[in-house]
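Below are the chains, spelled out letter by letter.
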Amino acid sequence: MDKLRIVGGTTLSGRVSISGAKNASLPIMAASILSDNPLTLKNLPHVADILSMANLLATLGVKLTMEGCGEGENAQGKVITFDASSLNSVVAPYDLVRKMRASILVLGPLLARTGYAKVSLPGGCAIGARPVDLHLKAMEKLGAEIEIDKGYVSAKAPNGLVGADINFPIVTVGGTENALMAAVLAEGRTRLINAACEPEIEDLANCLNTMGAKIEGVGTSELIIDGVESLSSATHRIIPDRIETGTYLIAGAITRGSIILENTCLEHLSFFVDKLREIGVIIKEKEDKVYVSANKKELRCVDITTAPYPGFPTDLQAQTMSLLCTVTGKSSIRENIFENRFMHVPELIRMGAKISLDNHTASIEGGKLHGAEVMATDLRASVSLVLAALSADKEETLINRIYHLDRGYERIESKIRTLGAKIDRLKGS
Ligand code: EPZ
């Protein structure tokens, strides 16, 4: 297994280009199943999860054509055309789903397009049990019959899905995405109440409307979908990755550097940016560039609680914890979304962090971080270790199991090296 070796202490500077959003790309790729006309997606990130979803779609009979690595000389992001005119399977097998939980997002589209779906239950992961009960309840509300047998969800609606009111008891991003995609081809009107309104869902809804769907309330917690017979061909550009953007904002802050992020915006990060400014990080935006610096300023402690959008994103919790470990004084982070999203804490403690956990709250006594050998456990925890390593002055950190990183961060070592850091990948045995 590959490792990352980082020698910290460099003040980052220069420019970094932000890739397309992984968590918008995955549901939008699954949405290609809904249409018998081609869907062309631009600005897809070069990350492992995109390859996993592409592989799953191919096993269902979707034809994928790579149309080059980007637009013009600034090759940025994959351009792929998806043709689902001749599906030949409705089964999402365990060996693919276990590698990427977001595979469950083919459930709604398969059911809506063919009337059948057999999708392996994704199982839990490092950050929690992550059930899909709300996905299944939404499908039943739309008239599907659901059975669970030998670890697979078998869903059928041979006479098609019928629009209904679906009231989510808790905000679920994936549950909202599955229900939204299924409702697009259902007969009649569907209302999603207490729907998640993450920007990635807004991007999915905008793409579906470009394909000919009829969705109102886009970007709000109540979506109204009037079912259509079929969808037309479309081209859609994936939004910038707000979590990658937030990660590099912290990279600039934790090294007390000054960097420019390109091909991105702060539109979808206002709560997070407000918190970074409260800490004392300087952040400015001009056109599609974002400037961040924290050079030598005394940064301030803060208290943070994660929440569904537009609140503080749980996907930036681990990264922000690394930053607060370098800010003198007491800070706290309460994780309200997942039951076990503190797997990075023991690894940060190995690097000298002073963190105590009390159920869902981490109390941090900021100070100095040191180099150490550590282990990545999940996507965002692993990048928090990279950020922590960048701050350990002239000390070496070795990060194991970095396949977690490759799932969601495009070319991370080359992007960080371009900003001046001493980082390289040690090829594993
Ligand atoms: C999406 O996961 C993201 N993944 C996650 O990003 C992100 O952390 C999460 O939303 C929250 O923002 C993708 O978009 C591919 P949820 P998802 O359904 O859809 C509970 C990353 O790092 N729940 O909003 O799985 C669940 O257990 C990943 O990129 C149920 O109880 O998240 C959790 O506690 C990690 N029943 C809460 O809801 C259900 O049927 C929120 O989960 C569904 C969810």
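Going by the structure above, here's the rest.
Residues numbered from 1 in each chain as written. Predicted model: local features only at pLDDT ≥ 70, side-chain atom pairs only at ≥ 80, totals over all residues. Heavy atoms only, no water.

Asker: Mind showing me how you'd approach the overall build of the protein here?
Answerer: Within the protein one finds 14 helices and 24 strands. For 429 residues, the compact-globule estimate of 2.2 N^0.38 gives 22 Å, and the C-alpha radius of gyration of the protein, at 22 Å, lies within 12% of that figure. In the protein, which comprises 429 residues, the proportion classed as buried is 56%. Pairs at least 24 residues apart make up 74% of the contacts formed inside the protein by residues separated by at least 6 positions. About 16,700 Å² of surface is accessible on the protein, with carbon and sulfur atoms providing 50% of the total. (Helix = DSSP H or I, 4+ residues; strand = E, 2+ residues; numbered from the N terminus. Rg over C-alpha atoms; globule rule 2.2 N^0.38 Å. Buried < 20%, exposed > 50% of the residue type's maximum accessible area, 1.4 Å probe, protein only. Contact = heavy atoms within 4.5 Å. Areas by Shrake-Rupley, 256 points an atom, 1.4 Å probe, with all protein chains shown as cover.)

Asker: Which parts of the structure should I look at to understand the side chain of Arg242?
Answerer: One can find Arg242 in helix α8 (residues 242–254). Residue Arg242 is classed as buried on the basis of its relative accessible area, which comes to 9%. If sequence neighbours within four positions are ignored, Arg242 has contacts with Glu198, Pro199, Glu200, His268, Leu269, Tyr309, Pro313 and Leu316.

Asker: Teacher, can you tell me more about the sheet that holds strand β19 (residues 329–334) here?
Answerer: Strand pairs in the sheet, formed through backbone hydrogen bonds, run parallel or antiparallel to each other. One open sheet accounts for four strands, arranged β18-β19-β21-β20; its pairing is mixed. Single-partner strands in this sheet number two, and they are β18 (303–305) and β20 (354–358). Each adjacent strand pair in this sheet contributes to an overall mean axis angle of 15°, direction not counted. Note that β20 and strand β21 (residues 361–366) share five bridges and pair antiparallel. Residue pairing across strands places Asp358 opposite Thr361, the latter belonging to β21. (Pairing = 2+ DSSP bridges. Axes fitted to C-alpha atoms, helices over the stretch in contact; angles between N-to-C directions.)

Asker: Explain the pairing of strand β9 (residues 152–156) here, please?
Answerer: Strand residues, when the strand is regular, have side chains that alternate between the two faces of the sheet. Pairing of strand β7 (residues 116–120) with β9, which is carried by five bridges, proceeds in the antiparallel orientation. Within the sheet, the bridge partner assigned to Ala117 lies in β9 and is Ala155. Across five bridges, the pairing between strand β8 (residues 145–149) and β9 is antiparallel. Within β9, the position partnered with Glu145 by the bridge is Lys156.

Asker: Would you mind showing me how to read helix α10 (residues 317–324) here?
Answerer: Residues spaced three or four apart along an α-helix point in a common direction, a consequence of the helix completing one turn every 3.6 residues. Taking burial as the measure, the eight residues of α10 include eight buried ones, the bulk of the element. Buried residues of α10: Gln317, Ala318, Gln319, Thr320, Met321, Ser322, Leu323 and Leu324, and no others.

Asker: Please explain the pattern of salt bridges as it appears in this structure.
Answerer: Once the charged atoms of two side chains with opposite charge are near each other, the side chains can pair. For the coordinates displayed, the defined rule picks out 22 salt bridges. Among the ionic pairs, Lys3 bridges to Glu373, the shortest N-O distance being 3.6 Å. In this pair, Lys3 is assigned in strand β1 (residues 3–7) and Glu373 in strand β22 (residues 373–375), connecting sequence segments 370 residues apart. Residue classification places Lys3 among the partly exposed positions, given a relative accessible area of 26%. (Salt bridge = Lys/Arg side-chain N within 4 Å of Asp/Glu carboxyl O.)

Asker: Hey, could you run me through the environment of Asn336 in this one?
Answerer: In this fold, Asn336 is placed in the loop between β19 and α11 (344–350). The exposure class assigned to Asn336 is partly exposed, which follows from its relative accessible area of 41%. Taking the C-alpha atoms as reference points, Asn336 and Met351, 15 residues apart in sequence, are found 25 Å from one another. Non-local contacts of Asn336, meaning those with residues more than four positions away in its chain, are made with Thr305 and Thr306. Of the polar contacts made by the side chain of Asn336, one reaches the side chain of Arg334; its length is 2.9 Å. (Polar contact = N/O pair within 3.5 Å; in protein donor to acceptor, adjacent residues only side chain to side chain.)

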